[in-house]
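Summary of structural features
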There are 4 protein chains.
Amino acid sequence: MTLDELRDEIAQFAKDRDWDQFHSVRNLVLAMVGEVGEVAEILQWTSDDKVDELLESGGRERLAEELADVLIYLIRLADRSGVDLETAVREKLSANNQKYPADKARGNAKKYTQLDD
Amino acid sequence: MTLDELRDEIAQFAKDRDWDQFHSVRNLVLAMVGEVGEVAEILQWTSDDKVDELLESGGRERLAEELADVLIYLIRLADRSGVDLETAVREKLSANNQKYPADKARGNAKKYTQLDD
Amino acid sequence: MTLDELRDEIAQFAKDRDWDQFHSVRNLVLAMVGEVGEVAEILQWTSDDKVDELLESGGRERLAEELADVLIYLIRLADRSGVDLETAVREKLSANNQKYPADKARGNAKKYTQLDD
Amino acid sequence: MTLDELRDEIAQFAKDRDWDQFHSVRNLVLAMVGEVGEVAEILQWTSDDKVDELLESGGRERLAEELADVLIYLIRLADRSGVDLETAVREKLSANNQKYPADKARGNAKKYTQLDD
């Protein structure tokens, strides 16, 4: 499934329900924030070394649902903002390749501006 | 570009830099929250009726960059959580079709549980 | 009610329930993100000019609950991170006074670094 | 420093700069989201067992600044929404006392609705 196909399917869904009126840019940002909050909630009372256990006992399914919601609002937000998300992500990945050359960035979480330190 | 292709490209990028060690589930949630914060920041001092003006005067390009960052972390987070994002979004879209029948939901932002009210 | 009194009351509440074990720094960040998501959700399907109407028809009470939750986690997070929130906010307000002199900043939402433009 | 004193000081700061026009309810929600994103960013590439180290090596000071920013926007948001934050937090703490009786909730992160399980 391509990003463009998803964008079109979600747009059609909104159009069929006359929901474009609710899908303003700022509304969609707030809706995405709400869904990201639900992702955080799933992982809030565990700890790094117990995440796998949580995922194995039902957490993965709940997380999958919330991540799908984030993605749907993200794609819709890009669409309603006139942002071509596929182009944007291509350009970002290409910029990241320049900023973080594999040999300098290996094993290093420093921000790219500090890679020469 | 499909979600699966994106997932693989991002995974390869992380692998080449030995960054899997930083890409724990909770780290990626926090990273995604950080990028969502940057999306919010772009739109915080405007108002609904001035969003277009903001987008026209450089806001769209800045927004495109931040939305790409959110997408990259979202895809990486799904991958590292063992969530098949493509399947998750398909199931969610199909569930939404059931929950919000076009004839009942038309022009109505009520949560689906209230659609019979 | 002072911030310090609130901090102590919340700390005692957690201690009485043996909840310190759950209140790690990163857990509390995620919990705060979750509550901020609920704040966003209340305001997501309205528009700037209908916010008052929403607040008048039950929104204010729901918002009050979620804002209280954000505050509680924020205070707890500061406490568990060894951050003196009262000092931090005093210093920030004082710094803001320097950065945004009233005569230059009047009616202007530009970031302080641009105030001389 | 009480919450009410803080609210008044922040309100005066905004008034002196004619910033009430920017401080709409939804703008302040987005601004708070932006600051919460900066909190998350500080903690995103560490792990639970290295948080103390991060805090000791400059992280605490950066965190203090961002937590102060969250608090300032939170207080301002309550004020502009007509929410009495002090009352809201009192009521929430009192409700939590009812919902999570110390003897049942001890050492247990389950949501209160599940405490009888």
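The structure under discussion appears in the preceding block.
The structure contained in this document is the topic of the report that follows. Here the structure is a predicted model, which is why all the values come from computation and not from measurement. (Residues numbered from 1 in each chain as written. Chains lettered and ligands numbered in written order. Predicted model: local features only at pLDDT ≥ 70, side-chain atom pairs only at ≥ 80, totals over all residues. Heavy atoms only, no water.)

1. Thoughts on the relation of the copies chain A and chain C
Going by this rule: Superposing the copies works by least squares over the C-alpha atoms of residues that have pLDDT at least 70 in both of them. Only heavy atoms matter for contacts: two residues are in contact if any of them lie within 4.5 Å across the pair.
If you rotate chain A by 180° and push it 0.0 Å along the axis, it lands on chain C with an RMSD of 0.0 Å. A rotation of that kind, with that shift, is consistent with a two-fold axis. Considering only C-alpha atoms, the residue of chain A closest to the rotation axis is Gly37 of chain A, which sits at 2.2 Å. Mapped onto chain C, 95% of the interface residues of chain A are again interface residues, and the two copies thus contact each other with one and the same surface.

2. Some thoughts on the interface of chain D and chain C
The criterion, for reference: Summed over both partners, the accessible area lost on bringing two parts together, with a 1.4 Å probe, is the buried area. We define a salt bridge as a side-chain nitrogen of Lys or Arg found within 4 Å of a carboxyl oxygen belonging to Asp or Glu. We call two N or O atoms a polar contact when they sit within 3.5 Å, provided that within protein one can donate a hydrogen and the other can accept it, with sequence-adjacent residues counted only if both atoms are side-chain atoms. What counts as a helix is a DSSP run of H or I of at least four residues, what counts as a strand is a run of E of at least two, and both are numbered from the N terminus. Residue polarity is assigned by list, with Asp, Glu, Lys and Arg as charged and Ala, Val, Leu, Ile, Met, Phe, Trp, Tyr, Cys and Pro as nonpolar; anything else, Gly included, falls into the polar class.
On the chain C side, the residues contacting the 61 residues of chain D number 61 residues. Note on chain D versus chain C: buried area summed over both sides is about 5300 Å², and carbon and sulfur give 72% of it. Taken together, the links from chain D to chain C amount to six salt bridges. A salt bridge links Lys92 of chain D to Asp69 of chain C; the shortest N-O distance between them is 3.2 Å. Taken together, the links from chain D to chain C amount to 30 residue pairs in polar contact (both at pLDDT 80 or more). The dominant element in the side of chain D that touches chain C, judged by the number of residues it contributes, is helix H3 (residues 51–80) of chain D, at 15 residues. Split into classes, the residues belonging to the side of chain D that touches chain C amount to 37 nonpolar, 11 polar and 13 charged.

3. Considering the packing of aromatic side chains
Note the following rule: Aromatic rings from Phe, Tyr and Trp, with only the six-membered ring used for Trp, were paired whenever their centres fell within 6.5 Å, and each pair was classed as stacked if the ring planes differed by under 30 degrees, edge-to-face if by over 60, and tilted otherwise. Only protein chains enter the area calculation, which uses a 1.4 Å probe; residues under 20% of their type maximum are buried, those over 50% are exposed, and those in between are partly exposed. Criterion for a charge above a ring: Arg CZ or Lys NZ at most 6 Å from the ring centre, at most 35 degrees from the ring normal.
Tallying each qualifying case throughout the model produces 12 aromatic pairs over all chains. Centroid distance Tyr73 of chain A to Trp45 of chain C: 6.0 Å. Interplanar angle 50°. Geometry classified as tilted. Residue Tyr73 of chain A is found in helix H3 (residues 51–81), and its partner Trp45 of chain C is found in the loop between helix H2 (25–42) and helix H3 (51–81); the two belong to separate chains. Taking the relative accessible area as the measure of exposure, Tyr73 of chain A reaches 18% and is therefore buried. The class of Trp45 of chain C is partly exposed, set by a relative accessible area of 26%. When the ring of Tyr100 of chain C is compared with that of Trp19 of chain D, the centres are 5.2 Å apart and the planes differ by 80°; the resulting orientation is edge-to-face. With one member in each of two chains, Tyr100 of chain C in the loop between helix H4 (85–99) and helix H5 (102–105) and Trp19 of chain D in the loop between helix H1 (3–16) and helix H2 (25–42) form a pair that bridges those chains. Sitting above the plane of the Phe13 of chain A ring, Arg17 of chain A keeps its charged end 3.7 Å from the centroid.

4. Some words on a negative patch on the surface
The condition is simple: Patch definition: residues with relative accessible area over 30% and no salt bridge; like charges joined within 9 Å; nonpolar side chains (Val, Leu, Ile, Met, Phe, Trp, Tyr) joined within 5 Å. Note on areas: these come from Shrake-Rupley sampling with a 1.4 Å probe, and a residue is covered only by the protein chains present in the view. Positive: Lys, Arg. Negative: Asp, Glu. His and the chain ends are not part of the count. Charge placement uses NZ in Lys and CZ in Arg. For Asp and Glu, CG and CD serve respectively.
Residues Asp49, Asp52 and Glu53 of chain A together with Asp49, Asp52 and Glu53 of chain D make up a contiguous surface patch of negative charge. Mapped by element, the contributors of at least two residues to the negative patch are H3 of chain A together with H3 of chain D.

5. Quick look at the interface of chain A and chain C
If you look at the interface, chain A gives 20 residues, while chain C gives 19 residues. Both faces combined, the contact of chain A with chain C buries some 1500 Å², and carbon together with sulfur accounts for 57% of it. Counting across the chain A and chain C interface gives two salt bridges. Residues Arg26 of chain A and Asp48 of chain C are paired through a salt bridge, measuring 3.1 Å at the closest nitrogen-oxygen approach. Summed over the shared surface of chain A and chain C, the number is six residue pairs in polar contact (both at pLDDT 80 or more). The biggest single contributor to the side of chain A that touches chain C is helix H2 (residues 25–42) of chain A, with 12 residues. In the side of chain A that touches chain C, the residues fall into 10 nonpolar, six polar and four charged.

6. Structural notes on the pattern of salt bridges
On inspection of all chains with the given rule, the structure shows 40 salt bridges over all chains. Sharing partners across several salt bridges, the network here consists of Asp20, Arg76, Asp79 and Arg80 of chain A.

7. Digging into helix H1 (residues 3–16) of chain A
Quick reminder of the rule: Any helix carries an expected span of 1.5 Å times its number of residues minus one. Throughout, the arc means that of the directions going from the helix axis to the C-beta atoms.
With 14 residues, H1 of chain A should cover 20 Å at 1.5 Å per step; its first-to-last C-alpha distance of 20 Å lies within 8% of that length. Of all the positions in H1 of chain A, only Leu3, Leu6, Ile10, Phe13 and Ala14 of chain A are classed as buried. Along the long axis of H1 of chain A, the arc covered by the buried residues comes to 95°, so they all point the same way. Summarising the contacts, the buried residues of H1 of chain A are in contact with H3 and helix H4 (85–99) of chain A together with helix H1 (3–16), helix H3 (51–80) and helix H4 (85–99) of chain B. Asp18 of chain A lies just past H1 of chain A and shows a positive phi near 60°.

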